[in-house]
Amino acid sequence: NAGVTQTPKFQVLKTGQSMTLQCAQDMNHNSMYWYRQDPGMGLRLIYYSASEGTTDKGEVPNGYNVSRLNKREFSLRLESAAPSQTSVYFCASSEAGIHNTIYFGEGSWLTVV
Amino acid sequence: LAKTTQPISMDSYEGQEVNITCSHNNIATNDYITWYQQFPSQGPRFIIQGYKTKVTNEVASLFIPADRKSSTLSLPRVSLSDTAVYYCLVGDPGGFKTIFGAGTRLFVKA
């Protein structure tokens, strides 16, 4: 039972490069999320997708784009990476709404130099 | 969105009971209280959720007073493996934007 799977786990980018973080869940959940976590900080919501076909901004959407490819997959794209985007990124999913037990992936460590 | 306030850190010893209190003075009628645990280099993991009074599962208990302006996560007989960050979240079950905050870092010592 894989749960929420993110790739890549580690990535180093140069400033200005673009990349896409991939996320897939096998729990048939309707809602999916992307968070970032900076050292010693809590999680901040970047974007979420309440259901297939919809996406909405969270607290810190600037510099990111998302795509809800299908019910299973929700990708996060950095179009032009900046050092301020160095962080750990977590994908998550839930049945419907954040308080319906949200399940997190293992995280993607991104460094922008 | 209801804002939560938790202690930044707590220390305990193995075998002790640990109580972490979260304040949420502006909790709304429809809001539930949910606690998550995060180990280093891992994503958060759901621990327990409640609306009022007391909820207990195999991992923890959650105490919520009648006014619901605070809640207390109780971990019985902690072990070294309970060293983690604990987050208190408050929000509408049907909502999607919930602020995690910095959480409480629990250190369990031998």
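Now for a description of the structure that goes with this document. Everything numeric here is computed off the predicted structure, so don't read it as measured data.

Moving on, we get to the state of the cysteines. One pass over the structure, following the stated rule, counts two disulfides over all chains. Paired by a disulfide, A:Cys23 and A:Cys91 hold their sulfur atoms 1.9 Å apart. Negative torsions about the S-S bond denote left-handed disulfides, and the value of about -75° found for A:Cys23 with A:Cys91 makes this one left-handed. Of this pair, A:Cys23 sits in strand E3 (residues 19-25) while A:Cys91 sits in strand E9 (residues 87-94), and the two are 68 residues apart along the sequence. Taking the relative accessible area as the measure of exposure, A:Cys23 reaches 4% and is therefore buried. B:Cys22 shares a disulfide with B:Cys88; S-S distance 2.2 Å. The disulfide joining B:Cys22 to B:Cys88 has a torsion of about -80° about its S-S bond and is therefore left-handed. Of the two residues, B:Cys22 is situated in strand E2 (residues 18-23) and B:Cys88 in strand E8 (residues 84-91); the sequence distance between them amounts to 66 residues. The two residues B:Cys22 and B:Cys88 agree in class, both being buried.

Take the side chain of B:Thr72 next. The residue B:Thr72 is located in strand E7 (residues 70-75) in this model. Aside from chain neighbours lying at most four places away, what touches B:Thr72 is B:Asn19, B:Ile20, B:Thr21, B:Ser61, B:Leu62 and B:Phe63.

Let us look at the pattern of salt bridges. Residues and elements named next belong to chain A. For the coordinates displayed, the defined rule picks out five salt bridges over all chains. Lys-9 serves as the salt-bridge partner of Glu-106, at 3.8 Å between the closest nitrogen and oxygen. With Glu-106 in the loop between strand E10 (103-104) and strand E11 (108-112) and Lys-9 in the loop between strand E1 (4-7) and strand E2 (10-13), this pair connects stretches of sequence that are 97 residues apart. Residue classification places Glu-106 among the exposed positions, given a relative accessible area of 56%. Under the relative-accessibility criterion, Lys-9 is labelled partly exposed at 35%. Between Asp-38 and Arg-44 there is a salt bridge, with its nearest N and O atoms 2.6 Å apart. Taking relative accessible area as the criterion, Arg-44 reaches 29% and is therefore assigned partly exposed. Ionic contacts of the salt-bridge type, sharing partners, join the residues Arg-36, Asp-38 and Arg-44 into one network.

Reading the values: the criteria
Residues numbered from 1 in each chain as written. Chains lettered and ligands numbered in written order. Predicted model: local features only at pLDDT ≥ 70, side-chain atom pairs only at ≥ 80, totals over all residues. Heavy atoms only, no water. Disulfide = S-S within 2.5 Å. Helix = DSSP H or I, 4+ residues; strand = E, 2+ residues; numbered from the N terminus. Buried < 20%, exposed > 50% of the residue type's maximum accessible area, 1.4 Å probe, protein only. Contact = heavy atoms within 4.5 Å. Salt bridge = Lys/Arg side-chain N within 4 Å of Asp/Glu carboxyl O.

So far we have only geometry, and geometry alone does not tell us how the molecule works.
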